[in-house]
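Geometric and topological summary
Letter by letter, the chains look like this.
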Amino acid sequence: MARSASLVLGVLLMSTVQAWAGQSHRLKVDGLACPYCAYGIEKQLRAIPGVKAVRVSVKTGTVTVLMNGETKLTRSRVRRAVSNAGFTLRSFR
Amino acid sequence: MGERVMRQITTTTIVLGLGMMTEEYVHAAPISTNTALPVAKGEYVFREQGVLNQSGDDASEADRESSVVSSVTVVGYGVSPELAVFGVMPLVKKKLQLTTPGGQRITRSSSGLGDMRLFGRYTIFKQDLPGQTFRVAPFAGIELPTGDNTSSDQLGRLPAPLQPGSGSWDPFTGVIVTFQTRQFELDFQASYQANTQANNFEFGDVARFDASMQYRIWPNELTETTPGFLYGVTELNLIHSDNNRLNGTSDQNSGGTTLFGLLGLQYVTQRSIIEAGIQIPIMQDLNGTALERDYIIRGGYRVNF
């Protein structure tokens with residue numbers, strides 16, 4: 001009984017922490033080759049409601065997006081943001 | 001020497017000598033060449049560049065020396081991922097020194113707002129791959145007569161090449177090709193400006209071909225925390241100007257062809273760029289007694305917002 005309660009409590013706690021921390025997404029962007037161009041991508045992604053933080057790596061051509069709470073980030077919204085910055089989205093997960 | 005005669009000689013000498021003294025525009029990712037790299041939709045780019053343009057080494061008895069100091073402000077805006085519009089506003093200070101036939105050394109100068117340039121650039125082709133991009137973008141615009149073209153000094157009205165503005169509406173067009181990787185960037189530009197007449201004077205049309213290479217010299221290896229890139233910049237700028245026309249007559253001592261080489265450095269971060277470079281003429285094939293360029297020094301910064 002005590003073991004089951006601990007398990008339920010643990011799952012609840014993990015869910016709460018995950019919801020509080022928000023989802024993290026990893027984007028691969030083609031065409032990104034210098035730091036100055038990276039600002040456009042960051043600005044477009046930050047404008048999406050629910051985006052908490054954006055980190056661009058020119059070295060790997062990846063963008064990490066951290067969401068607020070339970071806000072969902074969709075592939076189509078990300079594709080539009082990357083396209084508006086003048087680049088091409090390769091992958092999103 | 002009577003004032004009228006002196007003015008006439010002075011004016012003629014200047015007009016003959018400064019045929020290629022048209023203001024160069026600067027709105028590039030390299031230092032004096034344009035780029036086809038994107039301006040994101042809704043993003044602004046601000047650029048300020050100081051330019052010292054020195055000419056001299058005059059073989060004639062007038063021993064002319066001229067300098068043009070410009071502060072060029074550029075604002076760009078991304079209308080869409082493909083279309084960016086730019087406004088270029090120069091502040092100029094022009095000075096010419098020469099010796100009159102009477103042996104007197106005189107100085108004529110002007111300063112103020114120059115001619116504003118407005119243009120749009122549209123990306124018609126792009127191919128993005130991991131860590132590299134290839135783009136082609138034509139552009140077109142017009143140089144507006146915003147600068148004063150009726151300035152005078154104690155000798156009378158200044159000749160057209162010494163005025164801050166041209167007084168004419170001058171359309172221009174061109175195309176830019178850019179290939180960029182994480183290690184280097186190549187830019188090529190071909191452009192043409194058709195100058196029109198104002199105040200009975202018409203600057204010769206200008207055709208130019210630019211090639212630029214930026215190579216990342218620091219850091220050697222990229223890391224996740226690399227704060228910025230330091231680029232070495234080299235450019236070749238081939239500029240051909242037709243003869244100027246004064247009262248409908250072609251001035252055979254103006255225009256010609258100059259090939260410049262540029263060496264510079266650029267430090268690029270996500271929000272800003274600082275840059276400096278020097279342009280030196282490699283080859284000058286000028287018409288008649290047109291005054292040769294000595295060097296051009298450029299320095300400035302850019303910010304995204």
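Computed from a prediction, not measured in an experiment: that's the story for all the values here. (Residues numbered from 1 in each chain as written. Chains lettered and ligands numbered in written order. Predicted model: local features only at pLDDT ≥ 70, side-chain atom pairs only at ≥ 80, totals over all residues.)

On to the overall build of chain B. Counting its regular elements, chain B contains one helix and 20 strands. Against the compact-globule benchmark of 19 Å for 305 residues, chain B has a radius of gyration of 20 Å, which places it among compact chains. Counting only C-alpha atoms and orienting by the principal axes, one finds that chain B spans roughly 70 × 35 × 30 Å. In chain B, which comprises 305 residues, the proportion classed as buried is 45%. (Helix = DSSP H or I, 4+ residues; strand = E, 2+ residues; numbered from the N terminus. Rg over C-alpha atoms; globule rule 2.2 N^0.38 Å. Buried ≥ 20, exposed ≤ 12 C-beta atoms within 10 Å, placed from the backbone.)

To continue, consider the overall build of chain A. Helices and strands together make up the secondary structure of chain A, namely three helices and four strands. Ordered by position in the sequence, the α and β elements of chain A form the string α-β-α-β-β-α-β. Relative to its full complement of 93 residues, chain A shows a buried share of 35%. Considering only residue pairs separated by 6 or more positions, chain A has 61% of its internal contacts joining residues 24 or more positions apart. (Contact = placed C-beta atoms within 7 Å.)

Of all hydrophobic cores here, the largest spans 48 residues; its most connected members are V29, L32, I41, V63 and V82 of chain A. Here this core takes six residues from helix α2 (residues 35-46) of chain A, the largest share from any one element. The contact partners of L32 of chain A, leaving out residues within four places of it in the chain, are C37, A38, I41, V58, G61 and F87 of chain A. One finds A62, L96, L98 and L162 of chain B within the second-largest nonpolar core, a separate group that totals five residues. (Core = buried A, V, L, I, M, F, W, Y, C linked by C-beta atoms within 7 Å.)

Before going further, it helps to spend a moment on the interface of chain A and chain B. Listed by partner, the interface residues are 22 residues for chain A and 27 residues for chain B. Element by element, the count of residues in the side of chain A that touches chain B is highest for α2 of chain A, at eight residues. Tallied by class, residues from the side of chain A that touches chain B come to 10 nonpolar, nine polar and three charged. (Nonpolar A, V, L, I, M, F, W, Y, C, P; charged D, E, K, R; others polar.)

Glancing now at the sheet that holds strand β12 (residues 197-198) of chain B. Residue and element names in this part refer to chain B. Ordered by their spatial adjacency, four strands build an open sheet running β12-β13-β16-β17, and the pairing between neighbours is antiparallel. Edge positions in the open sheet fall to β12 and β17 (249-250), since each of these has one partner strand only. As paired elements, strand β13 (residues 201-202) and strand β16 (residues 245-246) share two bridges and run antiparallel to each other. Directly across from F201, in β16, lies its bridge partner L246. (Pairing = 2+ DSSP bridges.)

With that settled, consider α2 of chain A. The terminal C-alpha atoms of α2 of chain A lie 17 Å apart, and with 12 residues this matches the ideal 16 Å at 1.5 Å per residue to within 8%. The buried fraction of α2 of chain A is high, at 10 of 12 residues. (Expected span 1.5 Å × (residues − 1).)

In this section: unusual backbone geometry. Note: most peptide bonds trans; most residues except glycine with negative phi. Residue and element names in this part refer to chain B. Omega for the bond connecting W218 with P219 falls within 30 degrees of zero, at -5 degrees, which places this linkage in the cis form. Turning to its location among the elements, P219 is positioned in the loop between β14 (206-218) and β15 (229-241). Although it is not a glycine, N199 sits at a positive phi angle of roughly 55 degrees. Relative to the helices and strands, N199 resides in the loop between β12 and β13.

Turning our attention to the sheet that holds strand β4 (residues 88-92) of chain A. Residues and elements named next belong to chain A. Reading across from one edge, β2-β3-β1-β4 is the order of the four strands in this open sheet, with antiparallel pairing throughout. Whereas interior strands pair on both sides, the edge strands pair on one side only; in this sheet they are β2 (51-57) and β4. Across the sheet, the mean angle from the axis of one strand to that of its neighbour is 25 degrees, orientation sign disregarded. Across six bridges, β2 lies against strand β3 (residues 62-67) in antiparallel orientation. Bridge assignment links V51 to a residue of β3, and that residue is M67. Contacts between α2 and the sheet are confined to β1 (24-30), β2 and β3, with β2 contributing the most and set at about 165 degrees to the helix. The sheet contacts of helix α3 (residues 75-84) involve β1 and β4, and relative to β4 the element is tilted by about 150 degrees. (Axes fitted to C-alpha atoms, helices over the stretch in contact; angles between N-to-C directions.)

The subject of this paragraph is the pairing of strand β5 (residues 117-122) of chain B. Residue and element names in this part refer to chain B. Of the two faces of β5, only the one carrying R117, F119 and R121 is buried; L118, G120 and Y122 on the other face are not. Strand direction decides the pairing type here: strand β3 (residues 83-99) and β5, joined by six bridges, are antiparallel. The partner of G87 across the bridge, within β5, is L118. When β5 meets strand β7 (residues 132-143), the two strands line up antiparallel, connected through five bridges. When the bridges of β7 are listed, G120 appears paired with A140.

This paragraph deals with the confidence of the model for chain B. All names here are of chain B. Summing up the model confidence of chain B, the mean pLDDT is 90 and the portion of residues at 70 or higher is 90%. Across residues 1-28, where pLDDT falls below 50, the model places 77 contacts with residues more than four positions away in sequence or in other chains. Reported confidences for the modelled complex are a pTM of 0.88 and an ipTM of 0.86. (pLDDT = per-residue confidence, 0-100.)

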